[in-house]
Amino acid sequence: MSNYIVTPTNTPAGFEIRDTNGELIGFAMDEATANVFAHLPELLALMDSCVNVNLPFSYSDAVDLQNKLKKFRK
């Protein structure tokens, strides 16, 4: 599963979010928000698998995603 790439930027100050082709798809003022957004493809795949049994998302993939996002939860 491909995630987005987060890179810091100075003008304006914040973090760019780019797809795997290098296309700018978003901007966030803080790193935590940008990093959570970077996992959006995985989050959408997990949600899709919840409503469609033909789109498998393994338990271990779900645990891995949970661990990636754990540091951004309050």
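Cut-off values and rules
- Residues numbered from 1 in each chain as written.
- Predicted model: local features only at pLDDT ≥ 70, side-chain atom pairs only at ≥ 80, totals over all residues.
- Heavy atoms only, no water.
- Pairing = 2+ DSSP bridges.
- Helix = DSSP H or I, 4+ residues; strand = E, 2+ residues; numbered from the N terminus.
- Axes fitted to C-alpha atoms, helices over the stretch in contact; angles between N-to-C directions.
- Contact = heavy atoms within 4.5 Å.
- Salt bridge = Lys/Arg side-chain N within 4 Å of Asp/Glu carboxyl O.
- Buried < 20%, exposed > 50% of the residue type's maximum accessible area, 1.4 Å probe, protein only.
- Expected span 1.5 Å × (residues − 1).
- Arc of directions from axis to C-beta.

### Quick word on the sheet that holds strand 2 (residues 13-18)
Right, on to step 1. Here we have three strands laid out as an open sheet, ordered 1-2-3, and antiparallel in their pairing. Single-partner strands in this sheet number two, and they are strand 1 (5-10) and strand 3 (24-28). The mean inter-strand angle of the sheet, taken between neighbouring strand axes irrespective of direction, is 30 degrees.
Right, on to step 2. Of the strands in this sheet, strand 1, strand 2 and strand 3 are in contact with helix 1 (residues 31-38), which crosses strand 2 at around 5 degrees.

### Regarding unusual backbone geometry
Right, on to step 1. In this model, Thr11 is joined to Pro12 through a cis peptide bond whose omega is -10 degrees.
Right, on to step 2. Looking at the element boundaries, Pro12 is found in the loop between strand 1 and strand 2.

### Focus on the pattern of salt bridges
It is possible for side chains bearing opposite charge to pair when their charged atoms get close.
Right, on to step 1. Per the counting criterion, the structure on display carries three salt bridges.
Right, on to step 2. Lys68 is the salt-bridge partner of Glu42, the closest N and O atoms lying 3.0 Å from each other. Residue Glu42 is found in helix 2 (residues 40-51), and its partner Lys68 is found in helix 3 (residues 59-70); the two are separated by 26 residues along the sequence.
Right, on to step 3. In this structure Glu42 comes out as buried when scored by relative accessible area, which is 7%.
Right, on to step 4. Between Lys68 and Asp64 there is a salt bridge, with its nearest N and O atoms 3.5 Å apart.

### Concerning the environment of Leu40
Right, on to step 1. In this fold, Leu40 is placed in helix 2.
Right, on to step 2. Separated by 36 residues in sequence, Leu40 and Tyr4 place their C-alpha atoms 7.9 Å apart.

### A closer look at the environment of Pro8
Right, on to step 1. Along the chain, Pro8 falls in strand 1.
Right, on to step 2. With a relative accessible area of 65%, Pro8 lands in the exposed category.
Right, on to step 3. In sequence terms Pro8 and Glu31 are 23 residues apart; their C-alpha atoms lie 8.0 Å from each other.
Right, on to step 4. Beyond its immediate stretch of four places on either side in the chain, Pro8 contacts Gly14 and Phe15.

### Digging into helix 2
Right, on to step 1. An ideal rise of 1.5 Å per residue puts 16 Å on twelve residues; helix 2 measures up with 17 Å between its terminal C-alpha atoms.
Right, on to step 2. Listing the buried residues of helix 2 in full gives Pro41, Glu42, Ala45 and Ser49. On an axial view of helix 2, the arc spanned by its buried residues comes to 95 degrees, and they lie on one face. Away from the buried face of helix 2 by more than 90 degrees, exposed residues Met47, Cys50 and Val51 are located.
Right, on to step 3. Buried residues along helix 2 sit against helix 1 and helix 3.

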